[in-house]
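# Descriptive analysis of the structure
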Amino acid sequence: MKDITRIKAQFNIPTIFTIFGSSGDLAKKKLFISLFDLYSNEMLPDRFAIVGFAHSDYDDHSFRDYVQEILVGHTEDYDHDDIEKFISSISYVQGSFTDSEAFSALSEKLIALDDAIGQCTNKLFHLAVPPRFYDDLLRNLAHSGMTIPCSDDSGWTRVLIEKPFGKDAVTAQELDALLGKLFKEEQIFRIDHYLAKETIQNILMFRFSNRIFDPVWNHEHVEKVEIKLWEDIDVADRGAFYDGIGALRDVGQNHLLQMLSLIAMEHPGEFTSKEIHKSRARVLGDLCMSDTEHLMRGQYEGYCDIQDVADDSETETYFHITAQINNDRWKDVPFILESGKALHKKLTQIVVTFREPEPCFCVGPEHTQNNKVIFDIQPEEKITVRFFAKEHGLLTNIAQKDLAFSYHADREVREVDAYEKVIYDAIIGDQVLFTNTDEVKYAWAFISSVMEKMQDVPLTTYKRGTLPQIDTK
Ligand code: BG6
């Protein structure tokens with residue numbers, strides 16, 4: 001598969017991680033912890049430095065204290081000597097993302113680090129900032145010269161960009177055009193952290209490493225596919241970001257559609273990012289709304305009381321839609337996508353339901369005999385194959401049985417956060433788990449058509465901690 005020598009070579013080259021928005025939410029909840037987990041599992045380059053860049057008032061010393069607090073607060077299991085060594089690699093530049101002078105200061109810091117290390121380093125720039133800063137930040141970054149590699153084959157520079165990738169098809173295209181103007185495609189890593197979740201990565205392996213599933217993975221045998229991302233948490237303090245965006249754009253345009261593309265894509269032929277991107281993009285390009293199926297959007301009670309949310313907000317915190325894929329494999333198979341906040345439980349799951357056998361024995365208490373393949377993404381990480389078998393005894397009853405595989409069953413397995421995978425793959429230059437221009441374009445085209453239809457759908461209110469009921473009349 002991957003060239004292990006080439007991968008190992010990346011780890012001999014010193015690397016500088018610059019985190020824009022280093023005092024923000026994402027850096028606090030995910031990035032420093034993931035970098036530390038990589039470090040303590042010897043999955044970072046042998047020599048590295050981390051530079052935080054943000055508006056907040058820190059210097060190197062106080063910023064190290066800030067990161068130390070995050071790590072100590074995360075788990076008691078971390079080794080304190082490891083934490084000390086890790087934070088000694090951190091420095092800080094205070095500045096605004098819109099101020100080109102601040103980027104000169106950052107550039108000087110990186111040059112000084114290169115000098116201290118004694119060679120031109122690889123450089124990763126992670127944009128963990130609100131999207132309204134992307135334009136200025138990207139221009140300042142490119143104009144500062146920091147993203148110019150030392151040469152064709154040394155000192156690569158890469159830019160990691162978070163979702164949401166635009167607010168709609170037009171803004172996404174503008175952002176993509178800007179990225180394309182400032183950087184080469186191999187420098188751009190568009191993050192959808194769902195692609196890096198363990199069980200989501202496993203969809204490709206499961207589908208294409210097992211001969212038994214491929215012949216039945218099509219409309220002749222599959223009755224429907226359900227993809228759900230239920231969250232029990234509410235919008236909390238993210239009102240300013242969420243209001244006017246809503247569930248469809250927040251997780252539908254990206255996480256749900258990426259899960260769909262992996263379930264439905266054609267075999268890529270080769271395990272390369274180019275071919276996998278092509279295959280994922282193609283299936284997203286074939287997506288359309290089903291006219292016959294029920295559409296629903298909801299908002300949980302109390303959403304409008306959240307800070308920074310309009311009193312009369314019509315933003316959906318829940319949606320239920322049915323998509324179809326216009327190709328030979330998936331003709332007329334409903335792909336049901338559902339997500340919401342403040343629901344009855346946290347569950348991310350994909351269920352592929354097969355048609356009943358024909359003719360069907362269909363005896364015993366189970367009158368429906370649909371095989372299922374269930375991908376549990378979270379909180380469990382599990383794959384289940386549901387089948388039917390005769391019950392033991394004199395009667396000819398057929399009962400439902402499960403064959404299941406769970407990562408959690410093996411206590412030795414270290415849980416790897418999606419952000420560790422994101423950072424690791426960016427270091428080794430593997431773009432498989434990142435999205436490309438076409439995927440973003442087609443995902444937005446589909447979501448725009450859904451948003452248009454949603455305008456005619458009344459907003460249902462649901463109680464916190466419940467799942468809105470779909471009216472299938
Ligand atoms: C983010 C959304 O992309 O994904 C959040 O902005 C959502 O609203 C989150 O809560 C869900 O991710 P995870 O990894 O917690 O399932």
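For the structure, check the block above.
Note that the structure is a prediction, hence the values are computed from the model and not measured.

With respect to the helices, strands and loops of the structure, Ser-261 is situated in helix α10 (residues 246-264). Engagement of the side chain of Ser-261 in a polar contact is seen with the backbone oxygen of Gln-258, the distance being 2.9 Å.

As a matter of local geometry, the ligand sits amid Lys-163, His-193, Tyr-194, Lys-197, Glu-231, Arg-238, Asp-250, His-255, Lys-341 and Gln-378. A distance of 2.8 Å is found between an oxygen atom of the ligand and a side-chain nitrogen or oxygen belonging to Arg-238. His-255 places a side-chain nitrogen or oxygen 2.7 Å from an oxygen atom of the ligand. In the complex, the protein chains occlude 81% of the 390 Å² of accessible area that the ligand would expose alone. Among the residues forming the shell around the ligand, the class breakdown is one nonpolar, three polar and six charged.

Here helix α3 (residues 60-74) spans 21 Å end to end across 15 residues, near enough to the 21 Å set by a 1.5 Å rise per residue. Among all positions in α3, only Phe-63, Tyr-66, Val-67, Ile-70 and Leu-71 are buried. End-on, the buried residues of α3 take up no more than an arc of 130 degrees, which puts them together on one face. Of the residues in α3, the exposed ones pointing more than 90 degrees away from the buried face are His-61, Glu-69 and Gly-73.

Turning to the packing of α10 against helix α11 (residues 273-285), a few remarks are in order. Packing of α10 against α11 brings their axes to within 9 Å, and their N-to-C directions diverge by 105 degrees. On the basis of the axis angle, α10 is roughly perpendicular to α11. Here Leu-257, Gln-258, Ser-261, Leu-262 and Ala-264 of α10 come into contact with α11, specifically with Arg-280, Val-283 and Leu-284. For the contact of α10 with α11, the class distribution of residues is five nonpolar, two polar and one charged.

To continue, consider the layout of surface pockets. Once rolled over the atoms, a probe with the size of a water molecule shows which space is left empty. The volume enclosed by the second largest pocket comes to roughly 530 Å³. What lines the second largest pocket is a set of 27 residues, among which Trp-156, Thr-157, Arg-158, Glu-186 and Gln-187 lie closest to the centre. Where the lining of the second largest pocket is concerned, the elements lending two or more residues are β5 (157-161), β6 (188-191), β16 (434-435) and α13 (437-454). Top element by residues in the lining of the second largest pocket is β6. It accounts for three residues.

Moving on, we get to the sheet that holds β6. The strand order across the open sheet formed by seven strands is β3-β2-β1-β4-β5-β6-β16, and the pairing between neighbours is mixed. In this open sheet, the two edge strands, each paired with only one partner strand, are β3 (90-94) and β16. One ladder, built from three bridges, connects β5 with β6; its direction is parallel. Across the sheet, residue Ile-161 finds its bridge partner in β6, namely Arg-190.

With that settled, consider the packing of aromatic side chains. In total, this model carries 30 aromatic pairs according to the counting rule given. Ring centres of Phe-20 and Phe-53 lie 5.3 Å apart, and the angle between their planes is 70 degrees; on these two criteria the pair is classed as edge-to-face. With Phe-20 in strand β1 (residues 15-20) and Phe-53 in strand β2 (residues 48-54), this residue pair connects regions lying 33 residues apart in the sequence. The class for Phe-53 is buried, based on a relative accessible area of 0%. Put simply, the rings of Phe-17, Phe-36, Tyr-39, Phe-48, Tyr-78 and Phe-86 pair up and form one aromatic cluster.

Every buried residue of helix α4 (residues 80-87) is listed here: Ile-83, Phe-86 and Ile-87. Along the axis of α4, the buried positions cluster into a sector of 85 degrees, meaning they face one direction only. For α4, the exposed residues lying more than 90 degrees away from the buried face are Asp-81 and Lys-85. Buried-residue contacts for α4 involve α2 (25-40), β2, α3 and β3. N-cap assignment for α4: the residue whose side-chain oxygen lies 2.8 Å from the backbone N of Asp-81 is Asp-79.

On to the environment of Val-72, then. Topologically, Val-72 is positioned in helix α3. Judged by relative accessible area, which is 37%, Val-72 ranks as partly exposed. Taking the C-alpha atoms as reference points, Val-72 and Ile-33, 39 residues apart in sequence, are found 9.9 Å from one another.

By definition, a disulfide links the sulfur atoms of two cysteine residues through a covalent bond. A full pass over the atoms with the stated rule returns one disulfide. Here Cys-120 pairs with Cys-150 through a disulfide, and the sulfurs are 1.5 Å apart. Measuring the twist about the S-S bond at about 70 degrees, one finds the Cys-120-Cys-150 disulfide to be right-handed. One end of the pair, Cys-120, is in the loop between α5 (100-117) and β4 (122-127); the other, Cys-150, is in the loop between α6 (134-143) and β5, with 30 residues separating them in the sequence. For Cys-120, a relative accessible area of 24% gives the class partly exposed.

On to the nonpolar core, then. Counting residues in hydrophobic clusters, the biggest one holds 141 residues, and the most contacted among them are Phe-20, Phe-86, Leu-138, Phe-335 and Phe-375. If you tally residues by element for this core, the top one is α10, at ten residues. Once you skip the residues sitting within four places of it in the chain, Leu-138 turns out to touch Leu-127, Val-159, Ile-161, Leu-175, Leu-178, Leu-179, Leu-182 and Phe-183.

Our focus in this paragraph is the pairing of strand β11 (residues 335-340). Of all six residues in β11, six are buried, a share of seventy percent or more. Across the two faces of β11 the burial is the same, with Phe-335, Leu-337 and Ser-339 and Ile-336, Glu-338 and Gly-340 all buried. Where strand β7 (residues 222-230) meets β11, six bridges bridge the pair, whose relative direction is parallel. Bridge pairing links Leu-229 to Ser-339 in β11.

Procedures and definitions
- Residue positions are given per chain, counted from 1 along the sequence in the order it is written.
- Per-residue local features of the predicted model are confined to residues with pLDDT of at least 70, and side-chain atom pairs are confined, for both listing and counting, to 80 or more; whole-chain, interface and lining totals are unaffected and use all residues.
- Calculation of side-chain values draws on the structure's entire complement of heavy atoms; hydrogens and water are dropped beforehand.
- Under the DSSP-based scheme used, a helix requires at least four consecutive residues in state H or I and a strand at least two consecutive residues in state E, with every element numbered from the N terminus.
- By the criterion applied in these results, polar contacts are pairs of N or O atoms within 3.5 Å in which, for protein atoms, one can donate a hydrogen and the other can accept it, and in which residues neighboring in sequence qualify only through two side-chain atoms.
- Here a residue is considered near a molecule or strand provided that any single heavy atom belonging to it is located within 4 Å of it.
- Working definition of accessibility: Shrake-Rupley area with a 1.4 Å probe, residue cover restricted to the visible protein chains.
- Think of it as three bins: nonpolar holds Ala, Val, Leu, Ile, Met, Phe, Trp, Tyr, Cys and Pro, charged holds Asp, Glu, Lys and Arg, and polar takes everything else, Gly as well.
- A helix is expected to span 1.5 Å for every residue after the first.
- Only protein chains enter the area calculation, which uses a 1.4 Å probe; residues under 20% of their type maximum are buried, those over 50% are exposed, and those in between are partly exposed.
- Directions are taken from the helix axis to each C-beta atom, and the arc is the one they span.
- Every axis corresponds to a line fitted to the C-alpha atoms, with the helix fit spanning only the stretch in contact, and the corresponding angles, defined between N-to-C directions, vary from 0 to 180 degrees.
- Working rule for angles: under 35 degrees goes down as roughly parallel, over 145 as roughly antiparallel, 65 to 115 as roughly perpendicular, anything else as oblique.
- We call two residues in contact when some of their heavy atoms are within 4.5 Å.
- The rule is simple: put a 1 Å grid over the protein atoms alone, call a set of points where a 1.4 Å probe fits but cannot get out a cavity, call an open set with protein on both sides within 12 Å along at least five of seven lines a pocket, and count a residue as lining if it has an atom within 4 Å of a point.
- Grid points are joined across faces, edges and corners, and a volume is the space filled by probe spheres set on the points.
- Strands are labelled as partners when DSSP assigns at least two bridges between them.
- Pairs were defined over the aromatic rings of Phe, Tyr and Trp, the Trp ring being its six-membered one, requiring ring centres within 6.5 Å. Orientation was assigned from the angle between planes: stacked under 30 degrees, edge-to-face over 60, tilted for the rest.
- Cysteine sulfur atoms that pair up within 2.5 Å are treated as a disulfide.
- Within this scheme, the nonpolar core is defined by two criteria: the residues are buried Ala, Val, Leu, Ile, Met, Phe, Trp, Tyr or Cys, and they are joined through side-chain atoms within 4.5 Å.

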